[in-house]
Amino acid sequence: QVQLVESGGGLVQAGDSLRLSCAASVRTGSNYNMGWFRQAPGKEREFVCAINRSGGLTYYADSVKGRFTISRDNAKNRVYLQMNSLKPEDTAVYYCAADTAAWSNLYDKAIYDYWGQGTQVTVSS
């Protein structure tokens, strides 16, 4: 069982930056691809980005490409999401997730095995 805890959310203005962190209860580096998803009120949970076990591969949704950066520190069992140039439409609860399968279909929330409780990000205009 893997426990994931997100932190770093908050209320910011459009154009600001935030860095989210996801702490895992076990070593994730050799076993898990990691992803970030988000869910706005009344909407489906959507893919944001993912990173493979070693950190050498990343994959982003078009809506965040060029503004968000996912990274991981396997020694600390942490995954990060650096969010720059935030927009009001980025407002959502952000979740990190862990996947034990091969590096494929990382945009599909159904393949992820473990989820955190989420952290709220609110971007005001």
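About the thresholds
Residues numbered from 1 in each chain as written. Predicted model: local features only at pLDDT ≥ 70, side-chain atom pairs only at ≥ 80, totals over all residues. Heavy atoms only, no water. Core = buried A, V, L, I, M, F, W, Y, C linked by side-chain atoms within 4.5 Å. Buried < 20%, exposed > 50% of the residue type's maximum accessible area, 1.4 Å probe, protein only. Helix = DSSP H or I, 4+ residues; strand = E, 2+ residues; numbered from the N terminus. Contact = heavy atoms within 4.5 Å. Phe/Tyr/Trp six-rings, centres within 6.5 Å; stacked < 30°, edge-to-face > 60°. Lys NZ or Arg CZ within 6 Å of the ring centre and 35° of its normal. Disulfide = S-S within 2.5 Å.

Side chains that are nonpolar tend, in soluble globular proteins, to be buried together. Formed by 36 residues in total, the largest nonpolar core has its most connected members in Leu4, Trp36, Leu81, Met83 and Tyr94. When contributions to this core are tallied by element, the ones reaching two or more residues are β3 (18–24), β4 (33–39), β5 (46–51), β7 (68–73), β8 (78–83), β9 (92–99) and β11 (119–124). Residues within four places of Leu81 in sequence aside, it is in contact with Leu18, Arg19, Leu20, Trp36, Val48, Cys49, Phe68, Thr69, Ile70 and Tyr94.

So, on to the packing of aromatic side chains. Under the defined criterion, the tally for this structure stands at 7 aromatic pairs. Grouped by ring-pair contacts, the aromatic residues Phe37, Phe47, Tyr59, Tyr107, Tyr112 and Trp115 constitute a single cluster. Over the aromatic face of Tyr80 sits the side chain of Arg19, whose NZ or CZ is 3.9 Å from the ring centroid. We note Arg45 situated over the ring of Tyr95; from NZ or CZ to the ring centre the distance is 3.7 Å.

Here the focus is the state of the cysteines. One pass over the full model with this rule turns up 1 disulfide. Put simply, Cys22 and Cys96 are joined by a disulfide, and their sulfur atoms are 2.0 Å apart. Looking down the S-S bond of the Cys22 and Cys96 bridge, the torsion is 50 degrees, so its handedness is right-handed. Separated by 74 residues along the polypeptide, Cys22 in strand β3 and Cys96 in strand β9 bring together distant segments of the chain. Accessibility expressed as a relative area gives 1% for Cys96, which makes it buried. As a non-bridged cysteine, Cys49 has Cys96 as the owner of its nearest cysteine sulfur, 11 Å distant.

These results come straight from atomic positions and should not be treated as a statement about function.
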